[in-house]
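Reading the structure
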Amino acid sequence: MPQPLPSKEASLFRTLVRNYDDKQYKRGIKNADIILKKHPKHGDTQAMKALILNSQGKTDEAFALGKVALMADMKSHICWHVYGLLWRAVRKYDEAIKAYKQALAIDPDSAQILRDLALLQMQTRDYPGYVQSRITMLQAKSQLIQNWTALAVAHHLNGDLPAAEKVINMASTSAPSSTSRPPPSRASTGSPSWRSAPSTSRGSTRGTTPPTPTGPSSTATPTTPSITPSWRGPWLSTRPRRGSRSTTTLPPSTRAPTRPAACRSTF
């Protein structure tokens, strides 16, 4: 198991892992050196530093430091996992698979190591091993539909088509389906009460029959709205004020025709 660190160095080690994930290699090297200054035999920190050195293109230094990390802590799944990643970077897939299996022997519940192992098994066409890795991942998280489909693909690649069909049929009955869920209620969607209540504003009365008025005002004659005749164009629908100059542009059909150039007077 990994060597324990004090709280301050443990927090710095988590920062080191984030530095590697964010590709902040200079900060990662700096944080690793701070930890190794106080704990020079900490194998996990040495392994993470080796991984960063490999990402910087320093392959020889990374392998040398990775071996030192393994010698410092042979029972650390992090050291073995990093050692497998170093071998995978140089395309030595057989050595990488051996390191992954050694890491899984120490921590069999690591989903990340299982995924890396399954990827290399499929790449090296070790289909029986790929099937076994996918079965282990399915047993760990059977609620994920992608684990069922991946196992079906593994059986298909292995040439066992009946087993692949059986897994697909089991997935349709065992895995949770998103279509079987009831529609969410208003309370679950977090909709405010004023959104769910019927609106009583003026705009909500459109399309409804207005109430019949009662009393003396009900005998009043309704006024007829002014409607512009269809034969009057929009340019005649409004009349300019007295004393103001009209700026209304007439349509081309009502403008005075211009004489051709040949008929114009030359004097």
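Computed from a predicted model, the values in this text were never measured in an experiment.

1. What about the pattern of salt bridges?
- Considering all chains together, one arrives at 3 salt bridges under this definition.
- Residue Lys38 is joined to Glu9 by a salt bridge in which the shortest nitrogen-to-oxygen separation is 3.3 Å. With Lys38 in helix α2 (residues 25-38) and Glu9 in helix α1 (residues 7-21), this residue pair connects regions lying 29 residues apart in the sequence.

2. Here we look at the environment of Thr15
- With respect to the helices and strands, Thr15 occurs in helix α1.
- Thr15 sits 16 residues away from Asn31 along the chain, and the two C-alpha atoms are 7.8 Å apart.

3. What about the nonpolar core?
- Membership of the largest hydrophobic core comes to 36 residues, with the highest contact counts inside it found for Phe13, Leu16, Leu51, Trp80, Tyr83, Leu86 and Tyr100.
- Per-element accounting of this core gives the leading share, 7 residues, to helix α5 (residues 77-89).
- Excluding its chain neighbours within four sequence positions, the residues that come into contact with Leu51 are Tyr20, Val82, Leu85 and Leu86.
- Judged by nonpolar contacts, the second largest core, of 10 residues, contains Tyr130, Leu151, Ala152 and Val167.

4. Section: the UniProt feature "repeat: TPR" (unreviewed entry) in the protein
- Residues annotated by UniProt as "repeat: TPR" (unreviewed entry) correspond here to residues 77-110.
- Each end of residues 77-110 is marked by a C-alpha atom, and these two atoms are 9 Å apart; helix forms 79% of the span and strand 0%.

5. Focus: the packing of aromatic side chains
- Counted under the stated rule, the structure contains 4 aromatic pairs.
- Taking the centre distance of 6.5 Å and the plane angle of 75° together, the rings of Phe63 and Tyr83 count as edge-to-face. Remark: Tyr83 occurs in helix α5 and Phe63 occurs in helix α4 (residues 59-72); sequence separation between them is 20 residues.
- Assessed through its relative accessible area of 12%, Phe63 is described here as buried.
- Tyr83 sits in the buried class, given a relative accessible area of 14%.
- Seen from their ring centres, Tyr83 and Trp87 are 6.0 Å apart, and the 80° between their planes marks the pair as edge-to-face. Within this pair, Tyr83 and its partner Trp87 are both found in helix α5, separated by 4 residues, close to a single helical turn.
- Take Trp87: its relative accessible area is 19%, and that puts it in the buried class.

Cut-offs applied
- Residues numbered from 1 in each chain as written.
- Predicted model: local features only at pLDDT ≥ 70, side-chain atom pairs only at ≥ 80, totals over all residues.
- Heavy atoms only, no water.
- Salt bridge = Lys/Arg side-chain N within 4 Å of Asp/Glu carboxyl O.
- Helix = DSSP H or I, 4+ residues; strand = E, 2+ residues; numbered from the N terminus.
- Core = buried A, V, L, I, M, F, W, Y, C linked by side-chain atoms within 4.5 Å.
- Buried < 20%, exposed > 50% of the residue type's maximum accessible area, 1.4 Å probe, protein only.
- Contact = heavy atoms within 4.5 Å.
- UniProt positions renumbered as here; feature names shortened; annotations may be inferred.
- Phe/Tyr/Trp six-rings, centres within 6.5 Å; stacked < 30°, edge-to-face > 60°.

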